[in-house]
Amino acid sequence: MASVIKIYALFLGSALLMFGGGLQGLLLSVRGAEEGFSMLALGLIGTGWSVGFVAGSVTVPLVVRKVGHIRAFSVMAAIGTITILLNLLLVNDISWIILRSLSGFCFAGAAMIVESWLNEVAENKSRGTIFSIYVTINMASSTMGQIAMSVTGTAGYIPFVVGAISFICAVLPTALTSSPQPRPLASAKLDIGLLYRTSPVAAIAAFSCGMANGAFGTMAPVYGHAQGLDSSGIALLFALAATLGATAQIPFGRLSDRIDRRLVLIGLASFAAFIGALTVLINPGPNWVMFVLFAAYGFAANPLYAVAVAHANDFARDGEFAKIAGGMLMTMGIGLAIGPALASFIMGAWSPVGLFTVTASFHGALALTAFLRMRARKSKDATERAPFRPMVTGKPDTPETIELDPRAESEAYPLASEEPAVPDELAMPPEETDDVQDRPV
């Protein structure tokens, strides 16, 4: 019973973090547009968050080793709360770019510490269930944070205070815990070379999803504002895209367990590229057409990254999932940092609808890459794959999320070698030996 209480307390802490993060991310884009920030400045605000998040994923474990989990979490929550309130006091683009990077850093650190506690209390037999509940709660909480903007609005101090309260309240479940300190935090294993050698499709997918998701997540609210939507309309627009995207992960993930996952990637990426191109052609006003296009975009684009992670894991050697997922973290983080800046430049130089030229281009590139790779390497047999797992969209995973994922347990889905005489570190699954010449070198 005590273990169950600890788990649900940690779920509550994570939910509060994601609620505040969802509200703040949407709020800053819309409020910045209302304040007259340039398109480039609005894009760099999104870039700052992504850079801070990746930096936090790499450096926060070092901080925790020195001062401990509870102190480190308290510092992350305090600084994160302060940055939200400073956004209210320092309303200018340069300050917001700097503060947003600090917010990303603290958000990554706080999330990692909560996840480390979940890793500590999760037993191997329940890890899959806990991971699924964790992902569901995070997606729902982030969406609720976005919807909250329709209630708080963007003017005045209320939305900033609500975000700050949510962030600081997330410290309570861990600060009041009586459980012992968890093990040291997992450090990010950022092996991009191993990722590309294992699955070029997954590497391209991580970068393409980062570019498209970063551009859309930061600049789509600005596009909605430019088209005449109010704060309630923008909040509903994003909630619709996020909800359909989260829902779509289950059927498409299960489909990818049965067929070549690259076929699923091709279908989803092609449809997302089509929706992006159609949006550019129509450039809808604030009416039902825009809501339909955004819903269709979220439905197609949001499951892509999770399917790509599953595809990479299909070809991973025993024990390599954490390194490959860490490589995807870094690759997606690079895309998340560049995407908003590129989209903002095109939107400022041409038109706000130029945002969707960025998403359509990178989704199209992903579909083409997956199609070409199908000619170079055959798919893994469906019976030999680890099952698909849903993932939180809109942010890269922290190293602790990767550790919590049941696929990180090398014993869960062993890939036995038929040649035991070969040393373990050099062994390759039998299914890969026929295609080794297709791996880039």
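In this text, all values refer to a predicted model and were calculated from it rather than measured experimentally.

Caption draft 1: View of the environment of Asp 260. Along the chain, Asp 260 falls in the loop between helix H10 (231-258) and helix H11 (261-282). Spatially, the C-alpha atoms of Asp 260 and Met 374 are 8.9 Å apart, while their sequence positions differ by 114 residues. Once residues within four sequence positions are removed from consideration, Asp 260 is found in contact with Met 374, Ser 379 and Arg 385. In this structure the side chain of Asp 260 is engaged in a polar contact, spanning 2.9 Å, whose partner is the backbone nitrogen of Arg 262.

Caption draft 2: Region of the structure containing a nonpolar patch on the surface. Together, Leu 240, Leu 244, Phe 271, Phe 274 and Phe 299 give the surface a local cluster of nonpolar side chains, amounting to about 400 Å² of exposed area. When residues of the nonpolar patch are traced back to their parent elements, those giving at least two are H10 and H11. With respect to the helices and strands, Leu 240 occurs in helix H10.

Caption draft 3: Seen up close, the packing of aromatic side chains. All chains considered together, the criterion is met by 17 aromatic pairs. Their ring planes at 55° and their centres at 6.1 Å tell us that Trp 49 and Phe 107 sit as a pair that is tilted. Remark: Phe 107 occurs in helix H4 (residues 93-121) and Trp 49 occurs in helix H2 (residues 39-67); sequence separation between them is 58 residues. The burial state of Trp 49 is the same as that of Phe 107; both residues are buried. Three or more aromatic residues joined by ring pairs make a cluster, and in this case those are Phe 216, Tyr 223, Phe 238, Phe 294, Tyr 297 and Phe 356. One cation-aromatic arrangement involves Arg 377 over Phe 315; the distance from NZ or CZ to the ring centre is 4.3 Å.

Caption draft 4: Seen up close, the confidence of the model for the protein. The pLDDT averaged across the protein works out to 81; a share of 80% of its residues lies at or above 70. The element-level mean pLDDT for the protein is lowest in helix H17 (residues 430-433), coming to 43, with H11 highest at 95. Taken together, the stretch residues 410-441 has pLDDT below 50 and engages in 41 contacts with residues farther than four places along the chain or on a different chain.

Caption draft 5: Spotlight on the packing of H10 against helix H12 (residues 288-301). Where H10 contacts H12, the axes come no closer than 7 Å and their chain directions differ by 35°. With respect to the hand of their crossing, H10 and H12 are arranged in right-handed fashion. In this structure, H10 contributes Gly 233, Leu 236, Leu 237, Phe 238, Leu 240, Ala 241, Leu 244, Gly 245, Ala 248 and Phe 252 to the contact, and H12 contributes Met 290, Phe 291, Phe 294, Ala 295, Gly 298 and Phe 299. Looking at side-chain class alone, the contact of H10 with H12 contains 13 nonpolar, 3 polar and no charged residues.

Caption draft 6: Region of the structure containing H2. Along its 29 residues, H2 runs 40 Å from first to last C-alpha, staying within 8% of the 42 Å computed at 1.5 Å per residue. Thr 59 marks the point of greatest bend in H2, at about 40°, and the proline Pro 61 comes within the next four residues. Looking one or two places after H2, you find Gly 68, whose phi comes out positive at around 95°.

Caption draft 7: Structural detail: the packing of H11 against H12. Direction vectors running N to C along H11 and H12 enclose 160°, while the axes themselves pass 8 Å from each other. As far as their axial angle goes, H12 and H11 are roughly antiparallel. Classified by chirality, the crossing of H12 by H11 is left-handed. Together, Leu 268, Phe 271, Ala 272, Ile 275, Leu 278, Thr 279 and Ile 282 of H11 and Val 289, Leu 293, Ala 296, Tyr 297, Phe 299, Ala 300 and Ala 301 of H12 make up the contact between the two elements. When grouped by side-chain class, the residues that make up the contact of H11 with H12 number 13 nonpolar, 1 polar and no charged.

Caption draft 8: Expanded view of the pattern of salt bridges. Scanning the model with the defined rule gives 4 salt bridges in all. The partner of Glu 35 in a salt bridge is Arg 31, and the shortest N-O contact between them spans 3.0 Å. The class of Glu 35 is partly exposed, set by a relative accessible area of 37%. When its relative accessible area of 10% is taken as the criterion, Arg 31 is described as buried. One network of salt bridges, in which partners are shared, links Asp 257, Arg 261 and Asp 314.

Caption draft 9: Spotlight on the nonpolar core. Ranked by size, the top nonpolar core spans 70 residues in total, and within it Met 149, Tyr 223, Phe 294 and Leu 355 carry the most contacts. The leading source of residues in this core is helix H1 (residues 2-34), at 11 residues. Among residues more than four places away in sequence, those in contact with Met 149 are Leu 23, Leu 26, Leu 27, Val 30, Thr 154, Ser 231, Ile 234 and Ala 235. Counting residues in each nonpolar core, the second largest holds 31 residues, with Ala 205, Ile 266, Ala 316 and Met 328 among its members.

Caption draft 10: Structural context of H11. Compared with the 32 Å implied by 1.5 Å per residue over 22 residues, the 31 Å span of H11 between its first and last C-alpha is a close match. Considered for burial, the residues of H11 that qualify are Arg 261, Arg 262, Val 264, Leu 265, Ile 266, Leu 268, Ala 269, Ala 272, Ala 273, Ile 275, Gly 276 and Thr 279. The secondary structure elements touched by the buried residues of H11 are helix H9 (200-226), H10, H12, helix H13 (304-314) and helix H15 (355-374). Capping the start of H11, Asp 260 holds a side-chain oxygen 2.9 Å from the backbone nitrogen of Arg 262, two or three residues further along.

Caption draft 11: Up close: the environment of Ala 148. Position of Ala 148 relative to the elements: it lies in helix H5 (residues 127-152). For Ala 148, a relative accessible area of 12% corresponds to the buried category. Counting along the chain gives 88 residues from Ala 148 to Leu 236, while the straight-line C-alpha distance between them is 9.6 Å.

Caption draft 12: How the structure looks around the side chain of Ser 166. Within the fold, Ser 166 resides in helix H6 (residues 158-169). Here the side chain of Ser 166 touches Leu 16 through a polar contact of 2.6 Å, landing on its backbone oxygen. If we skip the residues at most four places from it in the chain, Ser 166 touches Leu 16, Phe 19 and Gly 20.

Caption draft 13: Structural detail: unusual backbone geometry. A positive phi angle, near 45°, is found at Asn 283, a position not held by glycine. Following the sequence through the fold, Asn 283 ends up in the loop between H11 and H12. On the basis of relative accessible area, Asn 283 is assigned to the partly exposed category, the value being 31%.

Thresholds applied
Residues numbered from 1 in each chain as written. Predicted model: local features only at pLDDT ≥ 70, side-chain atom pairs only at ≥ 80, totals over all residues. Heavy atoms only, no water. Helix = DSSP H or I, 4+ residues; strand = E, 2+ residues; numbered from the N terminus. Contact = heavy atoms within 4.5 Å. Polar contact = N/O pair within 3.5 Å; in protein donor to acceptor, adjacent residues only side chain to side chain. Patch = residues over 30% accessible without salt bridge, like charges linked within 9 Å, V, L, I, M, F, W, Y side chains within 5 Å. Areas by Shrake-Rupley, 256 points an atom, 1.4 Å probe, with all protein chains shown as cover. Salt bridge = Lys/Arg side-chain N within 4 Å of Asp/Glu carboxyl O. Phe/Tyr/Trp six-rings, centres within 6.5 Å; stacked < 30°, edge-to-face > 60°. Buried < 20%, exposed > 50% of the residue type's maximum accessible area, 1.4 Å probe, protein only. Lys NZ or Arg CZ within 6 Å of the ring centre and 35° of its normal. pLDDT = per-residue confidence, 0-100. Axes fitted to C-alpha atoms, helices over the stretch in contact; angles between N-to-C directions. Left-handed = near helix turned anticlockwise from the far one by under 90°. Nonpolar A, V, L, I, M, F, W, Y, C, P; charged D, E, K, R; others polar. Expected span 1.5 Å × (residues − 1). Bend = angle between axes of the 7 residues up to and from the residue. Parallel < 35°, antiparallel > 145°, perpendicular 65-115°, else oblique. Core = buried A, V, L, I, M, F, W, Y, C linked by side-chain atoms within 4.5 Å.

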